[in-house]
Amino acid sequence: MTKNRVVFALSVCVAAALTAMFPGRMTVAVDCGLALVWLFSLVQFRVALRRFSVCQTLDHATVQKGQQAQLQLDVAAWGGLGLLAEFCFSDESALLCDELTRIQVTLSKQNQFCYTLSCPYRGRFTVGLNQVKLYDLLGLFCAVRQAAPLTLKIYPQRVALRRFGSAQGQQPGQQARDLLSQTDYTEVTSLRGYQPTDNRKDIHWKASAKRGELLVKQYGLLNSESATLVLDLAPN
């Protein structure tokens, strides 16, 4: 936009020099035309600026990691011939969408922009517009409007746990007890035959040498105590 202003200023200087060197109706008409262009651009920019509004929304304020959210911008620029806008987004917006850095668009009366936010990280992110820079169609005038960014919360992804409980009235199996217990590697409770899936560190080498076959240590549990929970479902 600075380039447009420089070009217009040079045009005014050239027109003024021509008027001074060659006074006449033609040069005066050129000067008046440049003045009218400047005045018209200023008036239509002020009219459009007064009726400018921006609204940004998220379809979901909270999502899980790996899901997506939609950022929607509703921008209105009633009055005038339109505006040139430069959207300036928050720094954290670029982490969720590569497009959300600086975007230049031409605004009409009603405008709607949608951006898809990927959510690869956990945490709270400030997303959306920080400010909007507005220019007239010739790029001679500029105004800045501040915007309130939105907050997007990304929670850890939920994973369904494998059920290890037992049916009502039945004792839990050994697998269920193992999932609720921690192995005590300092206590060897028994020995059993070696299986291909066993860890070699668990082989009891002395006992294996005496028996002539590979034997594996069986360790105890830190919380091997069992508990029984009884629910009385009677109404009284």
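Residues numbered from 1 in each chain as written. Predicted model: local features only at pLDDT ≥ 70, side-chain atom pairs only at ≥ 80, totals over all residues. Heavy atoms only, no water.

(A) Just the overall build of the chain, in detail. A tally of regular secondary structure across the chain gives five helices and twelve strands. Here the chain holds 236 residues, and 28% of them are scored as buried. Across the chain, every contact between residues at least 6 apart in sequence was considered, and the portion connecting residues at least 24 apart equals 65%. On the chain, roughly 16,500 Å² of surface is accessible, and the fraction owed to carbon and sulfur atoms is 55%. (Helix = DSSP H or I, 4+ residues; strand = E, 2+ residues; numbered from the N terminus. Buried < 20%, exposed > 50% of the residue type's maximum accessible area, 1.4 Å probe, protein only. Contact = heavy atoms within 4.5 Å. Areas by Shrake-Rupley, 256 points an atom, 1.4 Å probe, with all protein chains shown as cover.)

(B) Geometry of the pairing of strand β9 (residues 142–146). Two strands pair when backbone bridges link them, and strand β8 (residues 129–135) and β9 are joined in this way by five bridges, in the antiparallel orientation. Each bridged residue has a counterpart across the sheet, and for Val132 the counterpart in β9 is Arg145. The turn linking β8 back onto β9 is made up of six residues, and Gly139 within it adopts a positive phi angle of 75 degrees. (Pairing = 2+ DSSP bridges.)

(C) Molecular detail of helix α2 (residues 25–50). Taking 1.5 Å per residue as the helical rise, α2 with its 26 residues ought to reach 38 Å, and the 37 Å between its terminal C-alpha atoms agrees with that figure. Of all the positions in α2, only Thr27, Ser41, Gln44, Phe45, Ala48 and Leu49 are classed as buried. (Expected span 1.5 Å × (residues − 1).)

(D) Inspection of the environment of Val132 at higher detail. Mapping Val132 onto the fold places it in strand β8. The exposure class assigned to Val132 is buried, which follows from its relative accessible area of 1%. With sequence-adjacent residues up to four places away left out, Val132 is seen in contact with Phe52, Ala85, Glu86, Phe87, Ala143, Val144 and Arg145.

(E) Molecular detail of the sheet that holds strand β5 (residues 102–107). One open sheet holds the four strands; their spatial order is β5-β4-β8-β9, and the pairing between them is antiparallel. Each having just a single partner strand, β5 and β9 make up the two edges of the open sheet. When strand polarity is set aside, the average angle formed by the axes of neighbouring strands in this sheet is 20 degrees. Where α2 meets the sheet, it contacts β4 (83–89), β8 and β9, and its direction lies at approximately 5 degrees from that of β9. (Axes fitted to C-alpha atoms, helices over the stretch in contact; angles between N-to-C directions.)

(F) Looking closely at the sheet that holds strand β2 (residues 62–64). With mixed pairing, the three strands of this open sheet are ordered in space as β2-β10-β7. Each edge of the open sheet carries a strand with a single partner, namely β2 and β7 (123–127). Neighbouring strand axes in the sheet, compared pairwise and without regard to direction, differ in orientation by 30 degrees on average. In the sheet, β7 pairs with strand β10 (residues 150–155) via five bridges, with the strands oriented antiparallel. The residue bridging Thr126 from the neighbouring strand is Thr151, located in β10.

(G) Fine view of the packing of aromatic side chains. Tallied over the entire structure, the rule returns four aromatic pairs. Ring geometry for Phe45 against Phe141: centres 6.2 Å apart, planes inclined by 20 degrees, an arrangement best described as stacked. Here Phe45, found in helix α2, pairs with Phe141, found in the loop between β8 and β9; they are 96 residues apart in sequence, far enough to count as distant. Overall, Phe141 belongs to the buried group, its relative accessible area being 14%. Between Phe87 and Phe113, the ring centres sit 5.5 Å apart and the planes meet at 80 degrees, which makes this aromatic pair edge-to-face. Pair noted here: Phe87 is in strand β4 and Phe113 is in strand β6 (residues 110–118), with a separation of 26 residues, a long-range link. On the basis of relative accessible area, Phe87 is assigned to the buried category, the value being 0%. With a relative accessible area of 17%, Phe113 lands in the buried category. (Phe/Tyr/Trp six-rings, centres within 6.5 Å; stacked < 30°, edge-to-face > 60°.)

Taken by themselves, the reported measurements are silent on function.
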